[in-house]
Amino acid sequence: MANYIGKFRVKGPEKVTPADFPTAFTGDFTNKSEAAESLEANVKRMSDLQDMMYAHDKWAVLLIFQAMDAAGKDGAIKHVMSGLNPQGTQVFSFKQPSAEELDHDYMWRYNKSLPERGRIGIFNRSYYEELLVVKVHNLIKYQKLPDQVVNKNIWKSRYRQIKDYERYLFENGVLVLKFFLNVSKDEQKRRFLQRLEDPAKNWKFSEADVRERRYWDDYQKAYGEAICNTATEIAPWYVIPADKKWYARFLISQIIVDNLEKLGVHYPKLDDEQLSKLAIYAEMLNNEK
Ligand code: ATP
Ligand code: MG
């Protein structure tokens, strides 16, 4: 099977926009059932690697999910999680900041939610909103920043801060992988209409979604800028084709497995003394009366 990961990975300061990437790509598969077996195999491998990562207890992995509404973040997270041990996983969703959160620097709430060593943490939206919704709707004015730091360089400063932050994390044993679920505007409309028509999906629809859709072009531009200014070798972005949910899920699982394999996590190795004690413990158990 061909490996398409490189096609969707952004590692450097190259100039890209979401429009440079396909939204309806499905690789070597033509339908969901063809991809099912490969997705299942990846989920199983992910689970084995997570088990090792937990035992190794050195690396943590932070998976960041960003997307326009209805791109399938929740479903993708649910699928990725389905094979993982809940004890080794943490998911946090970030919405509009509270008054308490606005009383701190913007990284505060994200920093508090980082995964512990040996764990996989998931951010459903993240500090990237600071370059997206905050930029599109000019929310800086609510962030209580001193006048001296609010100037035309603020976005450039934030790109640098985020890149530095992710380097800091990597150098302290937290691998950050960033996924942008790239859905087309037509597919978003189709999914919104489906939410309106299907009583079981009505609850998912919100008026805010239609309002935000009007800012589609602004968001695409902001995403492009955020991606090319924060993609690095150690914390790459992946622009995931998301018009076919089943393919997005497969590709995400493939990328996670690929990266976990590269971390080189392993079960702790026992030294000779510890190994020799195992035989003694076994003997004690076998000799129990
Ligand atoms: P879903 O719609 O699938 O439930 P969601 O992630 O869109 O998931 P919502 O409750 O609809 O959740 O939206 C959360 C909102 O919070 C988004 O519109 C997002 O842009 C906004 N938000 C997230 N982080 C920030 C931030 N730092 N500043 C301002 N708004 C933010
Ligand atoms: Mg929403």
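Right above here is the structure, for reference.
Read on for a plain summary of the structure.

Scanning the protein chain from N- to C-terminus turns up 12 helices and six strands. The principal-axis extents of the C-alpha atoms in the protein chain amount to approximately 75 × 50 × 40 Å. The burial tally for the protein chain puts 48% of its 289 residues in the buried class. Sequence-distant contacts, at least 24 apart, represent 81% of the contacts inside the protein chain between residues at least 6 apart. Surface accessibility of the protein chain: about 15800 Å² in total, with carbon and sulfur atoms responsible for 51%. Separation of charge centres in the protein chain, based on 44 positive and 41 negative side chains, amounts to 4 Å.

Right, let's get into the site of ligand 1. Within the structure, ligand 1 sits among 15 residues, and Asp69, Lys73, Lys95, Arg125 and Glu130 are positioned closest to it. Take Asp69: an N or O atom from its side chain is 3.1 Å from an oxygen atom of ligand 1. Take Glu130: an N or O atom from its side chain is 3.0 Å from a nitrogen atom of ligand 1. For ligand 1, whose unbound accessible area comes to 630 Å², protein coverage reaches 78%.

This next bit is on the pattern of salt bridges. Counted according to the given criterion, the structure contains 19 salt bridges. Where Glu101 meets Arg109, a salt bridge forms, and the shortest distance between an N and an O atom there is 3.2 Å. Linked by salt bridges that have partners in common, Asp69, Arg125 and Glu129 make up one network.

For the rest of this paragraph, the subject is the nonpolar core. In terms of nonpolar packing, the biggest core is built from 83 residues, with Leu63, Phe65, Tyr127, Phe179, Leu181, Ile252 and Leu260 touching the most fellow members. If you tally residues by element for this core, the top one is helix 11 (residues 245-263), at 11 residues. Ignoring anything within four residues of it in the chain, the contact list for Phe65 reads Lys73, Ala76, Ile77, Ile122, Phe123, Asn124, Arg125, Phe179, Leu181 and Ile252.

What follows deals with empty space enclosed by the protein. If you walk through the whole model with that rule in mind, you get one cavity of 30 Å³ or more. Of the voids in this model, the largest cavity is the one considered here, and its volume is about 70 Å³. Counting residues per element, the lining of the largest cavity draws most heavily on helix 11, at four residues.

Our next topic: the packing of helix 3 (residues 73-82) against helix 11. Where helix 3 meets helix 11, the closest approach of the two axes is 10 Å, and the angle between their N-to-C directions is 50 degrees. In terms of orientation, helix 3 lies oblique with respect to helix 11. Here the hand of the crossing between helix 3 and helix 11 comes out right-handed. Where helix 3 approaches helix 11, its residues Gly75, Ala76, His79 and Val80 are matched on the opposing element by Arg249, Ile252 and Ile256.

What counts, and where the lines are drawn
All residue numbers refer to position in the chain's written sequence, counted from 1. Here the convention is simple: chains get letters from A, ligands get numbers from 1, in the order in which they are written. For this predicted model, a pLDDT threshold of at least 70 governs which residues receive local features, and a threshold of 80 or more governs which side-chain atom pairs are given and counted, while totals over whole chains, interfaces and linings are taken from all residues. To get the side-chain values, take all heavy atoms of the structure and skip hydrogens and water. To qualify as a helix, a DSSP run of H or I must reach at least 4 residues; to qualify as a strand, a run of E must reach at least 2; elements of each kind are numbered from the N terminus. Categorising residues by exposure relies on relative accessible area from a 1.4 Å probe, with only protein chains included: less than 20% of the type maximum marks a residue as buried, more than 50% marks it as exposed, and the intermediate range marks it as partly exposed. Any two residues having at least one pair of non-hydrogen atoms within 4.5 Å are treated as being in contact. Throughout, the Shrake-Rupley method with a 1.4 Å probe supplies accessible areas, and for residues the shown protein chains are the sole cover considered. Charged residues are defined narrowly, with Lys and Arg counted positive, Asp and Glu counted negative, and His plus the chain ends left uncounted. Lys charges are placed at NZ, Arg charges at CZ, Asp charges at CG and Glu charges at CD. We define proximity as follows: a residue is near a molecule or strand when any one of its heavy atoms falls within 4 Å of that partner. Two N or O atoms form a polar contact when they lie within 3.5 Å of each other; inside protein one atom must be a possible hydrogen donor and the other a possible acceptor, and for residues adjacent in sequence the pair counts only when both atoms belong to side chains. The term salt bridge refers to a pairing of a side-chain nitrogen on Lys or Arg with a carboxyl oxygen on Asp or Glu at a separation within 4 Å. Definition of nonpolar core: a set of buried residues of the types Ala, Val, Leu, Ile, Met, Phe, Trp, Tyr and Cys, connected through side-chain atoms within 4.5 Å. Points on a 1 Å grid over protein atoms alone make up a cavity when a 1.4 Å probe fits among them but cannot get out, and a pocket when they form an open set with protein on both sides within 12 Å along at least five of seven lines; lining residues each have an atom within 4 Å of a point. Grid points are joined across faces, edges and corners, and a volume is the space filled by probe spheres set on the points. Each axis is a line fitted through C-alpha atoms, and for a helix only the stretch in contact is used; angles between axes span 0 to 180 degrees, taken between their N-to-C directions. Every angle not falling under 35 degrees, over 145, or within 65 to 115 is termed oblique; those three ranges are roughly parallel, roughly antiparallel and roughly perpendicular. A clockwise turn of the near helix away from the far one marks a right-handed crossing, whereas an anticlockwise turn of less than a right angle marks a left-handed crossing.

In short, shape yes, function no, at least from these values alone.
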